[in-house]
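# Structural overview for review
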Amino acid sequence: MTHYKQLYIAGRWVDSASTAEYPVINPATEQPITSVAECNLDDVNLAVAAAKTALPAWATTPGRERARYISAIAERLKQRETELAELISRELGMPAHLALEIQVRGPIAGLESYIQYAHQLDETEQIGNSLIVTEPVGVCALISPWNYPLHQLIGKVGPALAAGCTMVVKPSVEAPLSAYLLAQICADAGLPAGVFNLISGSGHLVGEALCTHHDVDMISFTGSTQTGIKVAQSAANSVKRVCQELGGKSPLIITPEADLEAAVQYGVEDIMINSGQTCTALSRMLVPSSRYEEAVSHARQVAEQIKVGSPQEAASFMGPLVSRQQQQVVQRYIQQGINEGARLIAGGLGKPAGIEAGYYVKPTIFADVHPNMTIAREEIFGPVLCMIPYQDLDDAVRIANDSVFGLSAAVWADSEQQALEVARRLQSGQVFINGGAFNYQAPFGGYKQSGNGREWGLDSLREFTETKAIQLPR
Ligand code: NAD
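How each quantity is defined
- Residues numbered from 1 in each chain as written.
- Predicted model: local features only at pLDDT ≥ 70, side-chain atom pairs only at ≥ 80, totals over all residues.
- Buried ≥ 20, exposed ≤ 12 C-beta atoms within 10 Å, placed from the backbone.
- Helix = DSSP H or I, 4+ residues; strand = E, 2+ residues; numbered from the N terminus.
- Pairing = 2+ DSSP bridges.
- UniProt positions renumbered as here; feature names shortened; annotations may be inferred.
- Axes fitted to C-alpha atoms, helices over the stretch in contact; angles between N-to-C directions.
- Parallel < 35°, antiparallel > 145°, perpendicular 65-115°, else oblique.
- Left-handed = near helix turned anticlockwise from the far one by under 90°.
- Contact = placed C-beta atoms within 7 Å.
- Expected span 1.5 Å × (residues − 1).
- Near = placed C-beta within 6 Å.
- Nonpolar A, V, L, I, M, F, W, Y, C, P; charged D, E, K, R; others polar.

The name an unreviewed UniProt entry gives the protein chain is Aldehyde dehydrogenase family protein, with Marinobacterium maritimum as the organism.

What follows concerns the pairing of strand β15 (residues 364-367). Of the two faces of β15, the one carrying T364 and F366 and the one carrying I365 and A367 are both buried. Sheet topology places β15 next to strand β16 (residues 384-390); three bridges connect them, and they run parallel. Note on β16: the bridge partner recorded for T364 is V384.

UniProt's feature table lists "domain: Aldehyde dehydrogenase" (unreviewed entry) at residues 13-470, given in the numbering used throughout. Secondary structure over residues 13-470 splits into 42% helix and 20% strand, and the C-alpha atoms at its two ends are 41 Å apart.

Here we take up the packing of helix α9 (residues 260-272) against helix α10 (residues 292-305). At a minimum axis separation of 9 Å, α9 and α10 run at an interaxial angle of 50°. When the axes of α9 and α10 are compared, the pair comes out oblique. For the element pair α9 and α10, the recorded crossing hand is right-handed. Between α9 and α10, the residues in contact are L260, E261, V264, Q265 and V268 and E294, A295, H298, A299, V302 and A303, respectively.

For the rest of this paragraph, the subject is the sheet that holds strand β19 (residues 430-433). Pairing in this open sheet of seven strands is mixed, and the strands run β14-β15-β16-β13-β12-β18-β19 from one edge to the other. Of all the strands in the sheet, just β14 (343-346) and β19 have a single pairing partner and so form its edges. Direction aside, neighbouring strands of the sheet carry axes that sit 25° apart on average. In terms of strand pairing, β14 meets β15 through three bridges, oriented antiparallel. Directly across from R343, in β15, lies its bridge partner A367. The strands touched by α10 within the sheet are β13 (284-288), β14, β15 and β16, with β14 carrying the most contacts at an inclination of about 45°.

Our next topic: α10. Since one α-helical turn is 3.6 residues long, residues separated by three or four positions face the same way. Counted at 1.5 Å a residue, the expected span for α10 with its 14 residues is 20 Å, and the 20 Å between its end C-alpha atoms agrees. On the buried face of α10, the contacting elements are α9, β13, β14, β15 and β16.

Looking now at the site of the ligand. Neighbouring the ligand are 33 residues, the closest being P145, G203, G207, G223 and T227. Residue assignment for the shell around the ligand shows that the elements contributing at least two residues are α7 (203-212) and α8 (225-236). Counting residues per element, the shell around the ligand draws most heavily on α7, at five residues. Here the residues of the shell around the ligand sort into eleven nonpolar, 17 polar and five charged.

What follows deals with the sheet that holds strand β22 (residues 465-471). Whenever strands of a sheet pair, they do so through backbone hydrogen bonds, lying parallel or antiparallel. Strand order in this open sheet of three strands is β5-β6-β22, and the pairing throughout is antiparallel. Looking along the sheet, the strands with just one partner apiece sit at the ends: β5 (125-127) and β22. The average angle at which neighbouring strand axes cross in this sheet is 35°, direction not considered. Strand direction decides the pairing type here: strand β6 (residues 130-136) and β22, joined by seven bridges, are antiparallel. Opposite E135, over in β22, you have E466 as the bridge partner.

In most cases, non-glycine residues show a negative phi, while peptide bonds are predominantly trans. Notably, E30 is not glycine yet its phi reads approximately 70°, a positive angle. Note that E30 resides in the loop between β3 (21-26) and β4 (31-37). Residue classification places E30 among the partly exposed positions, given that 14 C-beta atoms sit within 10 Å.

This is the structure in structure tokens:
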């Protein structure tokens with residue numbers, strides 16, 4: 001794969017109109033892996049024009065044919081799954097064995113759902129004298145973050161392809177490399193020129209230009225709430241459709257009768273996976289006050305057993321954070337937790353013992369966290385868990401919902417009925433019960449400032465389609 005410095009536009013790898021580049025750094029070694037182009041406005045215009053040109057033919061290609069392309073892309077992704085996992089591990093720092101399962105195999109299975117969904121789009125519905133027709137929204141800008149780079153992209157590319165949209169993809173600056181492999185795979189799968197276009201560059205220039213571009217009909221954005229607000233503002237001028245997957249501060253409620261050891265182990269491991277850089281990470285653990293010290297002592301033991309180390313080692317559970325900047329942000333939050341008077345029971349400031357290079361942070365747990373503390377309210381996006389005591393389940397639900405975010409939540413209970421009752425009361429796009437698994441056929445998205453719209457599942461197709469009612473004479 002030698003195209004990192006180029007862009008994929010109108011079915012060809014081309015040079016950027018700009019000579020500027022930025023390095024992609026391996027966060028475990030702090031050494032550059034490669035560099036990619038820092039695109040300029042000419043590149044943006046060229047990519048959008050290619051997507052616009054390709055739109056009429058792709059939009060009218062029957063769903064069953066679009067499904068064949070999706071299937072061909074999924075097959076090629078499977079053939080290159082190890083390569084993809086290693087690439088993501090190198091640019092992101094997630095251990096490769098975990099990246100293979102979580103970052104690669106999961107989303108490929110998710111992509112395969114769109115084969116069937118694309119077929120369904122060929123069906124028309126009749127309501128009385130109206131023919132209801134589903135059509136693609138048009139040219140889409142797909143802007144993704146670095147923490148699950150392929151997963152985020154496939155969650156957008158899959159429904160866009162199925163719906164008949166054409167697209168300009170802009171991955172993050174930090175972890176763009178799997179997007180290049182995806183572009184090459186689209187080319188190898190024979191996807192018509194201009195349906196999938198890839199450009200690279202900063203959010204404030206390239207991202208912003210896509211959001212304000214008059215020939216872009218929709219923005220599908222995943223990233224922080226702060227950036228999401230800017231994206232929506234930029235898109236408002238041309239009344240684009242905006243679908244957003246944003247930040248989170250997700251609670252895990254452990255009910256009073258739950259298996260405490262299992263629940264605590266689940267919660268601690270969940271926040272440490274991908275070094276806490278998961279939008280759904282269970283960063284607040286809500287524990288019954290009657291069992292609080294028992295939970296704290298178990299959490300400390302689990303944290304001590306988390307193996308932090310090189311992403312290349314099979315024994316590693318947690319690698320470095322993605323960048324020096326992210327490492328510094330997380331260190332500042334840990335300092336803030338200490339300043340605010342939370343009790344540090346594991347980890348803390350500095351790097352794990354014995355690690356020299358790399359943007360590592362210790363698996364960190366704070367106990368005695370008050371819901372009003374900054375560390376309990378803001379998204380830290382690092383391996384930092386806040387343990388918060390609660391009095392009864394009403395109190396737990398109140399604390400869980402007392403957040404501007406509403407992306408995800410979890411309940412650990414000994415009775416499914418009780419867990420379901422609690423789940424129904426949570427203001428959250430998804431609730432995981434007793435370790436319930438992510439389901440790529442189910443809709444995924446956030447309440448409140450965690451976003452709008454849904455990815456994955458059939459719901460995601462609604463984001464990428466318009467509905468037309470053709471009124472026939474009675
Ligand atoms: P970010 O908001 O900094 O960047 C996301 C993307 O937006 C990048 O490609 C960036 O270049 C681009 N961007 C930046 N400024 C822009 C602008 N003004 N206009 C257009 N595009 C712009 O986020 P990040 O640091 O890459 O990712 C971490 C954040 O993403 C966390 O807040 C996390 O919770 C969130 N996230 C949410 C989900 C979800 O599904 N809800 C999933 C993963 C990550």
